[in-house]
Amino acid sequence: EDAAEESNVSAELVAHRKRLVDEWNAWRARCKRDIAEEKRSRGQKLNGEHHEEEKEEIE
Amino acid sequence: MRLASVDMVGGVGHERSLTQIKFNAEGDLLFSCSKDHIINVWFSHNGERLGTYEGHNGTVWTIDVDSQSRFLVSGSADNELRLWNVSDGKCLFVWEFPTAVKRVAFSDDDERVVCITEQRMGYQGAIRVFNLNRDGDGTNQSQEPEHMFHPIGSKATVCAFTYTPNLVLTGHESGKVALFDVVSGTEVLNNERAHMDIVTDLQLSPDRSYFVTSSKDKTARIHDTKTLRVLKTFTTETPLNSAALAPNKPYVLVGGGQEAMQVTTTSLRQGKFETRFWHKVLEEEVGRVKGHFGPINTIAVHPAGTSYASGGEDGFVRVHHFEESYFKAKPYGDLEIED
């Protein structure tokens, strides 16, 4: 049977799952920052930065 | 788990067990290699065989395809690493070594290939990195690797490039997972106890910041690429041969199973050869899919997350297309999970 059908879960389990997801999402945000920094240190221009620089040149 | 399955039907397929399968970046093609010395390429949507890459004289242990679907690399028990032209099946270059090639992988920019050669008959196990010449028709390659080193201690079984240049991830026979600087050949970080037995597969997340491994210790694990910390563990009842991450869904797919000879009781026969789906964050099982008559050796998920394929000891490659209900299902409520 698929666990996908499951619906009757305790409030404790719901809170536990929420904590795991929050931890995961916070870690994913840190990873994305690390990768952006890594690329910057390698001299690769990120898309966002590139646009800012272009605007400065226009001014 | 609602699925529609497609068997690979074109031609004879494979006559012996599968060793590795890989989707290309678009997901329209599926590559498979086998102990029958042949590499096949299939249309993933209907299972029709598009072609073969013939030339190896031994088990083809490993394959990888670049992000442009231009070049394919393969490693074999005939001690060769080969470069192939994907579109016409032509072999472009052959590198020869003293021992078998057990694992190959492209870098994310398609410029480099890393490979593991086996420790055997007085030869040390080696990791080599080749700089690919992508100009011209691809036949003008250097025989010499850009970097080469011998990992000390336990044999390396699997490898992949990280998002950091010159840093390669390895999995080992002892269960160790490590990071090597390919320039100096030094082990810059390791987790000796990542697994308790042979690491059988290693597949990275799309941004390469984390990866999933499978092991004969009956677990699959998710690790942080930067720290090699184990983040998640998925515990099963059988030795595992492969683990894959499902894009756009928080699932890990694992497969394995024991050889028939090792099975002593009928109870052990139950549910051995299923692909099992786990929630990668909550570490809870969400479904199982049958489909093979022997151990599952290799699993790959379509890059868009719309289907997955498994290759078995039974010689079959199966592609399973997820149905509508799979994409709608939110087994644990509305929690939004970052990919």
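Because the structure is predicted, anything quoted here is derived from the model rather than measured.

### As for the overall build of chain A
When you go through chain A residue by residue, the secondary structure sums to two helices and zero strands. The buried share of chain A, taken over its 59 residues, is 20%. Carbon and sulfur atoms make up 47% of the accessible area of chain A, which totals about 4600 Å².

### Some words on the overall build of chain B
Across its full length, chain B holds two helices and 28 strands. Rg of the C-alpha trace for chain B: 19 Å, near the compact-globule value of 20 Å for 339 residues, within the 12% margin. Across its three principal directions, the C-alpha atoms of chain B cover 50 × 45 × 45 Å. Taking all contacts inside chain B whose residues are at least 6 apart in sequence as the whole, residues at least 24 apart take part in 46%. Here chain B has roughly 13500 Å² of accessible surface; of this, 47% comes from carbon and sulfur atoms.

### Describing the domain arrangement of chain B
Residue and element names in this part refer to chain B. In terms of domain boundaries, chain B breaks down into domain 1 (1-15 + 236-332) and domain 2 (17-150). Counting residues at the interface gives 29 residues for domain 1 and 27 residues for domain 2. Of the roughly 1800 Å² buried between domain 1 and domain 2 on both sides combined, carbon and sulfur atoms contribute 65%. Here domain 1 is connected to domain 2 by zero salt bridges. Residue assignment for the side of domain 1 that touches domain 2 shows that the elements contributing at least two residues are β1 (3-7), β26 (296-301), β27 (307-312) and β28 (317-322). Take the side of domain 1 that touches domain 2: its biggest share by element is six residues, from β27. Counted by class, the side of domain 1 that touches domain 2 contains 13 nonpolar, 13 polar and three charged residues.

### Describing the interface of chain B and chain A
On the side of chain A, 18 residues touch chain B, which itself brings 28 residues to the contact. Carbon and sulfur atoms make up 58% of the surface buried where chain B meets chain A, a total of about 2100 Å² over both sides. Broken down residue by residue, the surface that chain B buries against chain A is led by B:Tyr163, B:Leu335 and B:Glu338, which jointly contribute 22%. Put simply, chain B and chain A have four salt bridges between them. In this structure, the salt-bridge partner of B:Glu338 is A:Lys32, at a minimum N-O distance of 3.0 Å. Our enumeration of links across chain B and chain A arrives at 11 residue pairs in polar contact (both at pLDDT 80 or more). Looking at the side of chain B that touches chain A element by element, the count peaks at three residues for strand β25 (residues 285-289) of chain B.

### Quick notes on helix α1 (residues 11-41) of chain A
If you check α1(A), its first and last C-alpha atoms are 45 Å apart, about what 31 residues at 1.5 Å a residue would give, namely 45 Å. Among all positions in α1(A), only A:Arg17, A:Leu20, A:Val21, A:Trp24, A:Asn25, A:Trp27, A:Arg28, A:Cys31, A:Ile35, A:Ala36 and A:Glu38 are buried. Buried residues in α1(A) make contact with β19 (210-215), β20 (219-224) and β21 (230-235) of chain B.

### Some details on the packing of aromatic side chains
All names here are of chain B. Counting across every chain of the model gives 18 aromatic pairs over all chains. Between the aromatic rings of Phe-97 and Phe-130, the centroid separation amounts to 6.1 Å while the plane-to-plane angle is 45 degrees, which identifies the pairing as tilted. You can see Phe-97 sitting in the loop between β9 (91-96) and β10 (101-106) and its partner Phe-130 sitting in strand β12 (residues 126-131), a full 33 residues away along the chain. In this structure, Phe-97 and Phe-130 share a single accessibility class: buried. Among the aromatic residues, those joined into a cluster by ring pairs are Tyr-251, Phe-277, Tyr-308, Phe-322, Tyr-326 and Phe-327. It is Arg-318 that lies over the ring of Phe-316; its NZ or CZ is 4.9 Å from the centre.

### Focus on the sheet that holds strand β8 (residues 80-85) of chain B
All names here are of chain B. Within the open sheet, the four strands sit side by side as β6-β7-β8-β9. Their pairing is antiparallel. Two strands in the sheet have a free side with no partner beyond their single neighbour: β6 (60-65) and β9. Pairwise comparison of adjacent strand axes, ignoring direction, gives a mean angle of 15 degrees for this sheet. Across five bridges, strand β7 (residues 71-76) lies against β8 in antiparallel orientation. When the bridges of β8 are listed, Leu-72 appears paired with Trp-84.

### Describing the pairing of strand β24 (residues 275-279) of chain B
All names here are of chain B. In terms of residue burial, β24 counts as a mostly covered element, since five of its five residues are buried. Side chains of β24 alternate between two faces, with Thr-275, Phe-277 and His-279 and Arg-276 and Trp-278 buried alike. Bridge analysis of β24 against β25 gives four bridges, and the strand direction is antiparallel. Within β25, the residue paired with Phe-277 across the bridge is Gly-287.

### Looking at the side chain of A:Arg17
Position of A:Arg17 among the secondary structure elements: in helix α1. A polar atom in the side chain of A:Arg17 sits 2.8 Å from the side chain of B:Glu284.

### Details of the sheet that holds strand β14 (residues 156-161) of chain B
Residues and elements named next belong to chain B. Spatially, four strands are ordered β14-β15-β16-β17 in an open sheet, and the strand pairing comes out antiparallel. Only two strands of the sheet have a single neighbouring strand rather than two, namely β14 and β17 (186-191). Here the average twist between neighbouring strands, direction ignored, is 25 degrees. Of the strand pairs in this sheet, β14 and strand β15 (residues 167-172) are connected by five bridges, and their pairing is antiparallel. What sits directly across from Ala-160, in β15, is Leu-169.

Calculation criteria
- Residues numbered from 1 in each chain as written.
- Chains lettered and ligands numbered in written order.
- Predicted model: local features only at pLDDT ≥ 70, side-chain atom pairs only at ≥ 80, totals over all residues.
- Heavy atoms only, no water.
- Helix = DSSP H or I, 4+ residues; strand = E, 2+ residues; numbered from the N terminus.
- Buried < 20%, exposed > 50% of the residue type's maximum accessible area, 1.4 Å probe, protein only.
- Areas by Shrake-Rupley, 256 points an atom, 1.4 Å probe, with all protein chains shown as cover.
- Rg over C-alpha atoms; globule rule 2.2 N^0.38 Å.
- Contact = heavy atoms within 4.5 Å.
- Domains from an automatic or database assignment.
- Buried area = accessible area lost by both parts, 1.4 Å probe.
- Salt bridge = Lys/Arg side-chain N within 4 Å of Asp/Glu carboxyl O.
- Nonpolar A, V, L, I, M, F, W, Y, C, P; charged D, E, K, R; others polar.
- Polar contact = N/O pair within 3.5 Å; in protein donor to acceptor, adjacent residues only side chain to side chain.
- Expected span 1.5 Å × (residues − 1).
- Phe/Tyr/Trp six-rings, centres within 6.5 Å; stacked < 30°, edge-to-face > 60°.
- Lys NZ or Arg CZ within 6 Å of the ring centre and 35° of its normal.
- Pairing = 2+ DSSP bridges.
- Axes fitted to C-alpha atoms, helices over the stretch in contact; angles between N-to-C directions.

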